[in-house]
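Structural features, examined
Next come the chains, spelled out residue by residue.
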Amino acid sequence: MSFRKDFMWGAATSAYQIEGGVYGTGKGMHVWDVFTKEPGRIFEGHTGDVACDHYHRFREDVAIMKEIGLKAYRFSMDWSRILPEGTGRVNEEGIAFYNALIDELLKNGIEPFVTLYHWELPYELYKRGGWMNPQSAEWFGEYAALVADRFSDRVKNFFTINEPQCFVGLGFLTGEHAPGLKSPIRDTFEMAHNALRAHGRAVQQLRAHAHQPLTIGFAPTSGVCYPETEKPEDIEAARQMYFSLPDPEHWTWNVAWWSDPVLFGHYPEEGLVRYEKYLPKITDEDLRLISEPIDIYGQNIYNGRCFRMGADGKPEEVTRYEGFGKTAIDWPVTPECLRWGPKFLYDRYRKPIYITENGMSAHDVVSLDGKVHDPNRIDFLARYLGELKKASDEADIRGYFHWSLLDNFEWNKGYSERFGMVYVDYRTQQRILKDSAHWYRDLIQKNGAEL
């Protein structure tokens, strides 16, 4: 068992969570810039106005990446930093920032993987209906074309959209995330369809404007269902549940509805029946657009649930035992998800897979010796990556991006959760490599041989 020789060991971040540089940089507002100013929305009123100040400190951060030995860095571009109104006028200062970041990465031997959309919907487009507006596919296409024009001479790897389950589900169904709405279920299906159309349009425009052959993917997320044992019936139970479709009021959190149309060119039949009264008009032209061929498939995986086949021939969930391990953010520790998730996804979709996010929040503190000791994160990674290594024997797995490089703004949790391999003191912006960063460096040097 081993990882491929060219395995991409990386780390990931997103624009709003680390950049700062919101004001005085020519950037437009996006939905999170506005949402974080509403009282009661974010833990203790935190905002991403400064965040990790990566906008001004990116060279220091790239030096840290080199010290850790990262082969790749996945980051998102802020649509509103490049196009302040979402379309039309270009902010050259924003272009210059991303150019400088890309050049710095390449100078240090780190491959950039760019995500076009990690939830930074320009507020001017939100006011025009955002993802409810069918024109959103064209807006996103214009943005993708500009990104390809300006950056694809040096950037080969792109992901279009990150976690549509979250920006539709948490942003518009539960209202926990920006813009904080509890929309009618039908509206969320309309948004989902338009977001997938936007993904397809971005693929077209990236290729049309590329300066070199590109590798393009999509980065949804999932709560994995894994089997209790390796008996064929338990594996089948877990597989069935992983691709099952939830009730309409929780519909966004699923795999098949978001990925089947991208990779198969049609929505799941079961869903077309089950969700019929909520669905917008879906045309053959839409499906051709959504299923524009992609090269790689990203997946953000953090945890999962255990299933077995019941005596009645139906899958049943295996209850977690008392005292089951969990992270600081209260997510269960389930390493099996990094074996079975990629395996099931590869069996179904047959696309090379990148784990585009995986990691844990821990109660990290600076110790008396001035260091940050995070043995629980090292243990977490050793367990999860050990399972990913097993999966790499059964699936084409190309790379792994740890979430996150830096402690950062954790959406509605503000700065209360620390997911980074690098500790950030938000008062001084001092960076301290945690023990896990040194552990990861050693792991990368040996290509995971000792897992």
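Scroll up to find the structure this text is about.
Residues numbered from 1 in each chain as written. Predicted model: local features only at pLDDT ≥ 70, side-chain atom pairs only at ≥ 80, totals over all residues. Heavy atoms only, no water.

What follows covers empty space enclosed by the protein. The final tally for this structure, using the stated rule, is 2 cavities of 30 Å³ or more. Considering only enclosed or pocket space, the largest cavity measures out at about 70 Å³ in volume. Listing elements by their share of the lining of the largest cavity, those giving two or more residues are helix H2 (31-35) and helix H8 (164-173). Top contributing element to the lining of the largest cavity by residue count: H8, with 3 residues. Reported here for the second largest cavity is a volume of approximately 40 Å³. Mapped by element, the contributors of at least two residues to the lining of the second largest cavity are helix H1 (15-18), strand E2 (72-76) and helix H5 (92-107). Sorting elements by how many residues they give to the lining of the second largest cavity places E2 first, with 3 residues. Here the residues of the lining of the second largest cavity are counted per class, giving 6 nonpolar, 4 polar and 1 charged. (1 Å grid on protein atoms, 1.4 Å probe; cavity = no way out; pocket = protein on both sides within 12 Å on 5 of 7 lines; lining within 4 Å. Points joined across faces, edges and corners; volume = space filled by probe spheres on them. Helix = DSSP H or I, 4+ residues; strand = E, 2+ residues; numbered from the N terminus. Nonpolar A, V, L, I, M, F, W, Y, C, P; charged D, E, K, R; others polar.)

Within the sequence span of helix H10 (residues 232-242), burial applies to Asp-234, Ile-235, Ala-237, Ala-238 and Tyr-242. Viewed end-on, H10 has its buried residues packed into an arc of 160°, placing them on one side of the element. Residues of H10 that are buried in the fold lie against strand E6 (221-227), strand E7 (296-309), strand E8 (315-317) and helix H14 (337-349). (Buried < 20%, exposed > 50% of the residue type's maximum accessible area, 1.4 Å probe, protein only. Arc of directions from axis to C-beta. Contact = heavy atoms within 4.5 Å.)

This part takes up the pairing of E6. Burial analysis of E6 places 6 of its 7 residues in the buried class, which makes it a mostly covered element. Of the strand pairs in this sheet, E6 and E7 are connected by 6 bridges, and their pairing is parallel. Bridge assignment links Val-224 to a residue of E7, and that residue is Gly-304. (Pairing = 2+ DSSP bridges.)

A cis geometry characterises the amide bond from Ala-178 onward to Pro-179, with omega recorded as 0°. Mapped onto the secondary structure, Pro-179 falls in the loop between H8 and helix H9 (185-208). The amide bond that connects Trp-403 to the next residue, Ser-404, takes the cis arrangement and shows omega of 10°. Structurally, Ser-404 is set in the loop between strand E10 (397-403) and strand E11 (422-425). For Glu-44, which is not glycine, the phi torsion reads 50° and is therefore positive. In this fold, Glu-44 is placed in the loop between H2 and helix H3 (54-68). Overall, the relative accessible area of 64% leaves Glu-44 in the exposed class. Phi is positive for Asp-330, which is not a glycine, with a value near 75°. Within the secondary structure, Asp-330 sits in the loop between E8 and H14.

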